[in-house]
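Chain residues, written in single-letter form:
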Amino acid sequence: MPNRRRNETSSTGDESNPSERPFNLSAASREQGPGGIAHETGELHRLLVESVQDYAIFALDPQGYILSWNPGAERFKGYTGDEIIGKHFSIFYPQERIATGFPEFELREAARAGRFEDEGWRIRKDGTRFWASVVITALRDSTGTLVGYAKVTRDLTERRAAEEALRLSEERFRLLVQGVRDYAIFMLDPTGHVATWNEGAQRIKQYTADEIIGKHFSIFYPPEPIAEKFPQYELKEAERTGHFEDEGWRIRKDGSRFWANVVITALRDSDGHLIGFSKVTRDLTERKAAEERAIEDARRVAAEEAARVAADASRGRVEQLQQLTALLATAHTIAEITKIVFTEGFRTFGIDAGALAALDASREFVQLIGDAGYEHLPGRYRRINRGEQMPINTVLETGQALVFGSRAERDARYPAISEVLAPYESTVVIPLGSRGRLIGALAMHRREAGAPSEDTLAFMQSFAQQCGQALERAQLYEAEQSARRDAEEARARADEANRAKSEFLAAMSHELRTPLNAIGGYAELIDLGVRGPVTPDQHEDLRRIQRSQQHLLGIINDLLNFSRIDAGQIDYDFADVTLDEIFDAVVQMIAPQAAAKSIQFESRACGPGVVVFADRAKTEQILLNLLSNAVKFTASGGRMTLRCARVGERDVTIEVADSGSGIAPDQLERIFEPFVQVGRSLTSTREGAGLGLAISRELARAMGGEISVTSTLGVGSTFTLKLPRSISGAKAPSPAGGA
Ligand code: ADP
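What you are looking at is a predicted structure, and each value in this text was computed from that prediction instead of being measured.

1. Section: the site of the ligand
Then comes step 1: Taken together, 20 residues lie near the ligand, and Asn629, Lys632, Asp658, Gln677 and Leu693 sit nearest.
Then comes step 2: At 2.8 Å, a side-chain N or O of Asp658 approaches a nitrogen atom of the ligand.
Then comes step 3: A distance of 3.2 Å separates an oxygen atom of the ligand from a polar backbone atom of Gly692.
Then comes step 4: Broken down by secondary-structure element, the contributors of at least two residues to the shell around the ligand are helix H20 (616-633), helix H21 (692-702) and strand S21 (716-724).
Then comes step 5: A total of five residues in the shell around the ligand trace back to one element, the largest contributor, which is H20.
Then comes step 6: Along the lines of polarity and charge, the residues of the shell around the ligand split into 10 nonpolar, eight polar and two charged.

Following this line, the structure appears as structure tokens:
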């Protein structure tokens, strides 16, 4: 190693090569003599200097010629000691520096002030430059005479390059920031006053740097956030967390607003002191508008989609409703309706449990007519008193549907049923009406919470309306069915009773007639004197016996007749009958009775052409009955008539009128019922069983005719018998007036 060699050389030839000797050390050693402390110290310094590699340390004579050289100098400058010692130090300077006499200036200054410091470009042996920090110190001996200079040079090229790079990058950054147009980038001092301004800031906020630097940054905020001290809060937050980001309205110089994204960053020096804030603001007005447009578009598309889905759904619903309605229309019975409601209806609406209830006839109770899905429904809910606090009662009172989207809401209003309905989160109860009258309610529960949408509720209500109508139809149908069943049963019972009665009457009449005939026969035998002579008194008694027997036989015959008619056992022998012939026959029988009671009896013939189509005997029987009643109920001296009142195209009306007791209006129809005798008491002496008119009417009707009556109490009665005219019979001239 050359240094080592030179050191060795230096130590061996100390005096012979004074140029090799370090000047001040050699001077000191010369003064204090070899082997002294000064020599020791000088030698140490020499070794120190010579070993230093990071500094070029060398001596110049007073003119600037190089006297010594160390390894650091060799390393920096590229010259060896041999090459450079004796050369002028200006060799290290660039040409322009030499031209201005700068090296000499340095020496002069160092000589003058004792020291000169400089940084600048220097030249290596290979011609390359390096950035050097140079300290030149004037060296003087004890007398003050300048003996030379010490020059210490440091190579700062690397530091210089780093510094330069930093400077350049800072400059570039500054220019970059300055030139950014899309962002406002500026600095605030720790109190929030604007310290720098860039082009973007000017463009966005419209202030020039001159106008805004030094102003407080709250100038960019609208009044509301200022009132809330929001700007201060931003800085505090940035200071606390290092960073604050926000979006909001900010104000330009012209007062217009813009939507800004703001990032504030706290700036601290190396000791951690806050030196200010950087603020980057972006104008998002456009972006926000675009976003809003996008949101608006999305919203519109969503709304359109929802409308389309709803339209589809409602079309689907209309179809579903039509199906449900069609199903309900086929339901006749309540059981059929409940089945449709609880299966099809509940499936359509996604119902988990529910009940159909109807007001009972008294409208004081609500009867559950069907339920489905309940986990447990106690029996007491099958019949609900109208006074109870129940949703069904509420809808029946208000006529409005009840909707509960949550259990809590429902339980708060109807605590009594909270337990039964515990498994269900939501409930809808809809009144059922028909023809403007509430007749029941439909309750529906879901395990899922949430009220149905308006659409669904409307759909449910339409369904409920159909249910109400179907329900009323079914109620009417079932009521009618049961009434019909009742009537049929009653008729069957009545028929049965009638038959039993008729059979009884027939049997009784038959059984009574035999002994009565025997009574009549034996009385006649005695009266004829067959058993021996009969006194006049005995004759009289026997006639009474015979009359009573006849009378009784008449009654029994009536009974038998009636029972036969009633049992449908009478045969009719229809024929064309001339009325005058019948009149003749009955007048012969009645005239003596009327005469006996001094009743004036008038009979007017109908004329030979008046012919009816009837059973001759039955017609006689009817007229006999009417005429004998007239005799019976007309007092002595009264009047009675038999006549043809009207001869029509199709029928003939025969009249039996009397001036008798008359019949009360309320009794007029009753007298045709069997066994009815007006005013009859147990002590009544009037005869008969009250069957005559009943039999007569039955007979007349059986022949296609009718019997009716008009009467005035105390004035008299008029019975009319209408019979069909014979179709084949001769067309009679009007006979009504003929006597
Ligand atoms: P009966 O004559 O055997 O009582 P009817 O059936 O012939 O039974 O008559 C029923 C009742 O009608 C009579 O009891 C009487 O009260 C009333 N009645 C019938 N005909 C007359 C009449 N011409 N005038 C007043 N009352 C009559």
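Once the structure has been displayed, the description carries forward.
2. Comments concerning the pattern of salt bridges
Then comes step 1: One pass over the full model with this rule turns up 37 salt bridges.
Then comes step 2: Between Arg122 and Glu106 there is a salt bridge whose closest N-O contact spans 3.3 Å. Here Glu106 lies in helix H7 (residues 102-113) and Arg122 lies in strand S2 (residues 115-123), a separation of 16 residues in the sequence. Each member of the pair Arg122 and Glu106 is classed as buried.
Then comes step 3: With its nearest N and O atoms 3.2 Å apart, the salt bridge here joins Glu602 to Arg604.
Then comes step 4: With relative accessibility at 36%, the residue Glu602 sits in the partly exposed group.
Then comes step 5: Within this structure, Arg97, Glu106, Asp118 and Arg122 form a network of salt bridges that share partners.

3. Section: the sheet that holds strand S10 (residues 365-372)
Then comes step 1: Spatially, the six strands line up as an open sheet ordered S11-S10-S9-S14-S13-S12, and their pairing is antiparallel. Because the sheet does not close on itself, it has two edges, and the strands there are strand S11 (383-385) and strand S12 (402-404). Each adjacent strand pair in this sheet contributes to an overall mean axis angle of 20°, direction not counted.
Then comes step 2: As judged from the three bridges shared by S12 and strand S13 (residues 426-434), these two strands associate in the antiparallel manner. The residue of S13 that forms the bridge with Val403 is Val428.
Then comes step 3: Contacts from helix H17 (residues 454-527) reach strand S9 (353-359), S10, S12, S13 and strand S14 (437-446), with the element oriented near 45° to S13.

Analysis parameters
- Residues numbered from 1 in each chain as written.
- Predicted model: local features only at pLDDT ≥ 70, side-chain atom pairs only at ≥ 80, totals over all residues.
- Heavy atoms only, no water.
- Near = heavy atom within 4 Å.
- Polar contact = N/O pair within 3.5 Å; in protein donor to acceptor, adjacent residues only side chain to side chain.
- Helix = DSSP H or I, 4+ residues; strand = E, 2+ residues; numbered from the N terminus.
- Nonpolar A, V, L, I, M, F, W, Y, C, P; charged D, E, K, R; others polar.
- Salt bridge = Lys/Arg side-chain N within 4 Å of Asp/Glu carboxyl O.
- Buried < 20%, exposed > 50% of the residue type's maximum accessible area, 1.4 Å probe, protein only.
- Pairing = 2+ DSSP bridges.
- Axes fitted to C-alpha atoms, helices over the stretch in contact; angles between N-to-C directions.
- Contact = heavy atoms within 4.5 Å.

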